[in-house]
Structure formats: C-alpha cells, structure tokens
Amino acid sequence: QVQLVESGGGLVQPGGSLRLSCVASGRIVSITDIGWYCQAPGKERVLVASVTSGVSTNYVDSVTGRFTISGDNTKNTVYLQMNSLKPEDTAVYYCHADGTYYRMSLPRPFESWGQGTQVTVSS
C-alpha cells in the first residue's frame, strides 16, 4: 500500500503563514499526480494546488499568488506554503496522490488520500 501522512496545520492569525507537508510512503515506483485539497465544514472537497509529473503546477484562483506547492522527490514529500492566510482559508487540508507502486513484485497503480490536517485562520 501507499500511505500519505500530512502535518503542519494549526491555528494562525489572518495574514500569517503555514507550511503543510505530505509524506508518501510505500514501495513507490513513481508519482504521477500529487496535490492538496481542502474541505470546509458543510462544503465539498475542492482542489487547491497540484503537481503533475513533477513539473506542471495548478492552483485554484483564490490561492494564486499566496500559496506555493513544491516537492522533494528524494523524500517523496510535497509541501504547501501558505502565505497571507485569510479566515476563508479555514478548512481541513488533504493530500492526494496517484501513481505506481510495487505489490508482490509487480507494478500496480495506486491512489491514496491522507488523513487531513486542520488549518484555522482566526483572530
């Protein structure tokens, strides 16, 4: 299996910053797409930022210029640097990834979600 473990969430004041981390573990061959989603109370989970094939990035309009997604391929880790945080950014942030891993010595596709990390922006 491939597991994603998120960390870095917390309580910050408006205008503050957080850096979220997502570490993928398992017998990973490659990660095709990895990104961050958020889900506020009573709302659907939506894409915030993603990286495809390690080079192409995508951001939702509401975070463009404030959030930056990056990764460390040697550690199978992706980060979300969140600056100029606003109260409306408050949500649970989830890491998601898909790619290929080894199971019983064979390459298999995988798709995994992290457990989520809470981000609260409030005075």
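Structure shown above.
Residues numbered from 1 in each chain as written. Predicted model: local features only at pLDDT ≥ 70, side-chain atom pairs only at ≥ 80, totals over all residues. Heavy atoms only, no water.

Caption draft 1: Here's a closer look at the overall build of the protein. Along the backbone of the protein there are 0 helices and 11 strands. When the helices and strands of the protein are placed in sequence order, the string is β-β-β-β-β-β-β-β-β-β-β. Relative to its length of 123 residues, the protein is compact, with a C-alpha radius of gyration of 15 Å against a globular reference of 14 Å. Each of the three principal axes of the protein carries a C-alpha extent, and together these read 50 × 25 × 25 Å. Out of the 123 residues belonging to the protein, those deemed buried represent 38%. Counting contacts in the protein only where the partners sit at least 6 residues apart, residues at least 24 apart contribute 56% of the total. (Helix = DSSP H or I, 4+ residues; strand = E, 2+ residues; numbered from the N terminus. Rg over C-alpha atoms; globule rule 2.2 N^0.38 Å. Buried < 20%, exposed > 50% of the residue type's maximum accessible area, 1.4 Å probe, protein only. Contact = heavy atoms within 4.5 Å.)

Caption draft 2: The arrangement of the nonpolar core in detail. In terms of nonpolar packing, the biggest core is built from 29 residues, with Trp36, Val48, Phe67, Leu80, Met82 and Tyr93 touching the most fellow members. Elements with a contribution of two residues or more to this core: β3 (18–25), β4 (28–39), β5 (46–52), β7 (67–72), β8 (77–82), β9 (91–103) and β11 (117–121). The element that contributes the greatest number of residues to this core is β9, accounting for 5 residues. Discounting chain neighbours no more than four positions away, the residues touching Val48 are Trp36, Tyr37, Cys38, Asn58, Tyr59, Val60, Val63, Phe67, Leu80 and Tyr93. (Core = buried A, V, L, I, M, F, W, Y, C linked by side-chain atoms within 4.5 Å.)

Caption draft 3: Focus on the environment of Cys22. You can see Cys22 is positioned in strand β3. With 92 residues separating them along the chain, Cys22 and Gly114 place their C-alpha atoms 7.8 Å apart. Not counting residues within four places of it along the chain, the set of residues in contact with Cys22 comprises Leu4, Val5, Glu6, Trp36, Asn76, Thr77, Val78 and Cys95.

Caption draft 4: Fine view of the pattern of salt bridges. Going through the model one piece at a time under the given rule, you end up with 1 salt bridge. In this structure, Arg66 and Asp89 form a salt bridge, with 2.8 Å as the shortest nitrogen-oxygen distance. Separated by 23 residues along the polypeptide, Arg66 in the loop between β6 (56–59) and β7 and Asp89 in the loop between β8 and β9 bring together distant segments of the chain. Across the pair, exposure class does not vary: Arg66 and Asp89 are buried alike. (Salt bridge = Lys/Arg side-chain N within 4 Å of Asp/Glu carboxyl O.)

Caption draft 5: Summary view of the side chain of Thr117. By the element assignment, Thr117 lies in strand β11. Given the relative accessible area of 9%, Thr117 is considered buried. A polar contact is formed between the side chain of Thr117 and the backbone nitrogen of Gly9, at a distance of 3.2 Å. When neighbours within four sequence positions are excluded, Thr117 is seen to be in contact with Glu6, Ser7, Gly8, Gly9, Leu20, Ala91, Val92 and Tyr93. (Polar contact = N/O pair within 3.5 Å; in protein donor to acceptor, adjacent residues only side chain to side chain.)

Caption draft 6: Structural context of the sheet that holds β7. Taken together, the 4 strands give an open sheet; going across it, the order is β1-β3-β8-β7, and neighbouring strands pair in antiparallel fashion. Strands at the two margins of the open sheet, each flanked by one partner only, are β1 (3–7) and β7. Strand-to-strand, the axes of this sheet are offset by a mean angle of 15 degrees, without reference to chain direction. Across 6 bridges, β3 lies against β8 in antiparallel orientation. Residue pairing across strands places Ser21 opposite Tyr79, the latter belonging to β8. (Pairing = 2+ DSSP bridges. Axes fitted to C-alpha atoms, helices over the stretch in contact; angles between N-to-C directions.)

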